[in-house]
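What follows is each chain in one-letter form.
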Amino acid sequence: MATEVSKTNDKRPPESTSSVDQQAKDIHVEGQQLGRDERIPKPEQVDESAILWSYVIPVLLFHAVIPLAFFGYFFSWWGVAFLFVGNYIFTSIGIGAGYHRLLTHKGFNCPKWFEYTLATLGVCSFQDSPARWVLVHRIHHQHSDHQPDPHTPRVSGFWAHMGWLFVDNKATSTASAYDRYVKDLMRDKYYMWLQRGQKWILVYVLHALAFIPLGMIAGLFTGEMVRTTVQFFFWGVVMRTVFTWHVTWAINSAAHMWGYRNYETREDSRNNWLFAILTNGEGWHNNHHADPRSARHGHRWWEVDVTYLTLASLQKIGLISDLATPNNAALDRKALD
Ligand SMILES: [Zn+2]
Ligand SMILES: [Zn+2]
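Just so you know, these numbers come straight off a predicted model, no measurement behind them.

Bringing the overall build of the chain into the picture now. When helices and strands are counted, the chain shows 15 helices and four strands. In terms of C-alpha radius of gyration, the chain reaches 20 Å, essentially the compact-globule figure of 20 Å for 337 residues. Taking the principal axes of its C-alpha atoms as reference, the chain extends roughly 65 × 50 × 40 Å. Sorting the 337 residues of the chain into buried and exposed places 44% on the buried side. In the chain, 69% of the contacts between residues at least 6 apart in sequence involve partners at least 24 apart.

As a packed pair, helix H10 (residues 199–222) and helix H11 (residues 225–252) sit with axes 7 Å apart at the nearest point and diverge in direction by 140 degrees. As judged from the angle between their axes, H10 and H11 are oblique. Considering the relative orientation of H10 and H11, their crossing is right-handed. In this structure, H10 contributes Ala 208, Phe 211, Ile 212, Leu 214, Gly 215, Met 216, Ala 218, Gly 219 and Thr 222 to the contact, and H11 contributes Met 225, Thr 228, Thr 229, Gln 231, Phe 232, Phe 233, Gly 236 and Val 237.

Let us look at the pairing of strand S3 (residues 46–51). In terms of residue burial, S3 counts as a barely covered element, since only zero of its six residues are buried. Alignment of S3 against strand S4 (residues 167–169), held across three bridges, turns out to be antiparallel. Pairing of Asp 47 across the sheet is with Asp 168, part of S4.

Our focus in this paragraph is the nonpolar core. Phe 108, Val 134, Leu 135 and Leu 311 are the most contacted members of the largest nonpolar core, which totals 35 residues. Elements that contribute at least two residues to this core include exactly helix H3 (77–104), helix H4 (112–123), helix H5 (130–142), helix H9 (189–195), H10 and helix H14 (306–316). The leading source of residues in this core is H3, at seven residues. Once you skip the residues sitting within four places of it in the chain, Val 134 turns out to touch Tyr 99, Leu 103, Thr 104, Val 182 and Leu 185. Membership of the second largest hydrophobic core comes to 17 residues, among which are Trp 235, Ala 254, Ala 255 and Ala 276.

This paragraph deals with the environment of Gln 127. Along the chain, Gln 127 turns up in the loop between H4 and H5. For Gln 127 and Trp 249, which are 122 residues apart along the polypeptide, the C-alpha to C-alpha distance reads 9.7 Å. Once you skip the residues sitting within four places of it in the chain, Gln 127 turns out to touch Ile 95, Gly 122, Trp 133 and Thr 248.

Let us look at the environment of Phe 90. With respect to the helices and strands, the residue Phe 90 is situated in helix H3. Placed 128 residues apart in sequence, Phe 90 and Ala 218 show a C-alpha to C-alpha distance of 21 Å. Look past the residues within four positions of Phe 90 in its chain and what remains in contact with it is Leu 121, Cys 124, Ser 125 and Thr 244.

For the chain, the average pLDDT comes to 91, and 90% of its residues sit at 70 or higher. Across residues 1–21 the pLDDT falls below 50, and counting only partners more than four positions away or on other chains, this stretch makes 32 contacts in the model.

Running from N to C, H3 and H5 cross one another at 65 degrees; their axes reach a closest spacing of 10 Å. Remark: the crossing between H3 and H5 carries right-handed chirality. Contacts between H3 and H5 involve Tyr 99, His 100, Leu 103 and Thr 104 from the first element and Pro 130, Trp 133, Val 134, His 137 and Arg 138 from the second. Partitioned by chemical class, the residues of the contact of H3 with H5 number five nonpolar, three polar and one charged.

Under the 1.5 Å per step criterion, the end-to-end length of H10 is 35 Å for 24 residues, consistent within 8% with the ideal 34 Å. What H10 keeps buried is the set Trp 200, Tyr 204, Phe 211 and Gly 215. The elements touched by buried residues of H10 are H4, H9 and H11.

This part covers H11. Given a rise of 1.5 Å per residue, 28 residues ought to cover 40 Å, and the 40 Å separating the end C-alpha atoms of H11 matches this to within 8%. Bending of H11 peaks at approximately 35 degrees at the position of Arg 240. Among the 28 residues of H11, 20 are classified as buried, and the element is accordingly described as predominantly covered.

Calculation criteria
- Residues numbered from 1 in each chain as written.
- Chains lettered and ligands numbered in written order.
- Predicted model: local features only at pLDDT ≥ 70, side-chain atom pairs only at ≥ 80, totals over all residues.
- Helix = DSSP H or I, 4+ residues; strand = E, 2+ residues; numbered from the N terminus.
- Rg over C-alpha atoms; globule rule 2.2 N^0.38 Å.
- Buried ≥ 20, exposed ≤ 12 C-beta atoms within 10 Å, placed from the backbone.
- Contact = placed C-beta atoms within 7 Å.
- Axes fitted to C-alpha atoms, helices over the stretch in contact; angles between N-to-C directions.
- Parallel < 35°, antiparallel > 145°, perpendicular 65-115°, else oblique.
- Left-handed = near helix turned anticlockwise from the far one by under 90°.
- Pairing = 2+ DSSP bridges.
- Core = buried A, V, L, I, M, F, W, Y, C linked by C-beta atoms within 7 Å.
- pLDDT = per-residue confidence, 0-100.
- Nonpolar A, V, L, I, M, F, W, Y, C, P; charged D, E, K, R; others polar.
- Expected span 1.5 Å × (residues − 1).
- Bend = angle between axes of the 7 residues up to and from the residue.

See below:
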């Protein structure tokens, strides 16, 4: 049985009748709620012998150098502070607002140049191309916490957090999967360019290299050119990427295991305050599953959603429009208290 997620909202962008737009705008939720502790196998099309080294190697290398952070030469309080600044710029704005609320769920409208800016910031978080990220996430919404879900903790917490990234899952990698789930993005020249030959990785590398001249300029002021440049690269790229990987991955793992629920939904999504803070709003994940198109994930007054507040400010100055807000009539029917 398939049930449609709510289509109507007073402040939603006008509905399109094209089938491409429907891919994003009407994600069908499939399957019934499973028993509380029921485990499920990995998705059928996972091939555990097909290791994706393009993920395994960077993830291993980046984690391997973390201990350097505890050596005086590398340590920097400015670097630690930049984890949060970089997390906001590249991951909350790039992934949260760009990949997720805009490209996956079409939660607002904006000029193409701004859409590409958000998507490019997302690319700089090293969380795959826009098309593949959106593809995986649309399947996640369709089959949340059921076997086809690419990353449910009902398989295991490790699988949901990062294990799923390391092996091929044909359901998320074939041409027919791209056609079925992200036709809208594959018709776009920029997203197609990033996708072909994995050029999104090149963009990530170029942005990483840009931290070197920035560090050298800063080195003119600190008087320690080499050390400042090393620290810029280490904290600005490596540590920031690892930090933002884990806070984003935690939405797939922790926010489907731990936290409270405002709404009855047919998966295990939770509002997890810790990761809601660390992701600037994405952790209000039960709210998000209850109303995926809403670009506002924090529903209660104290559920602070910095990404939404940013988008609301951008709407005020006229840069974006049609920001989708919670569909209160539909949400009331799912409310748990
Ligand atoms: Zn989820
Ligand atoms: Zn979503």
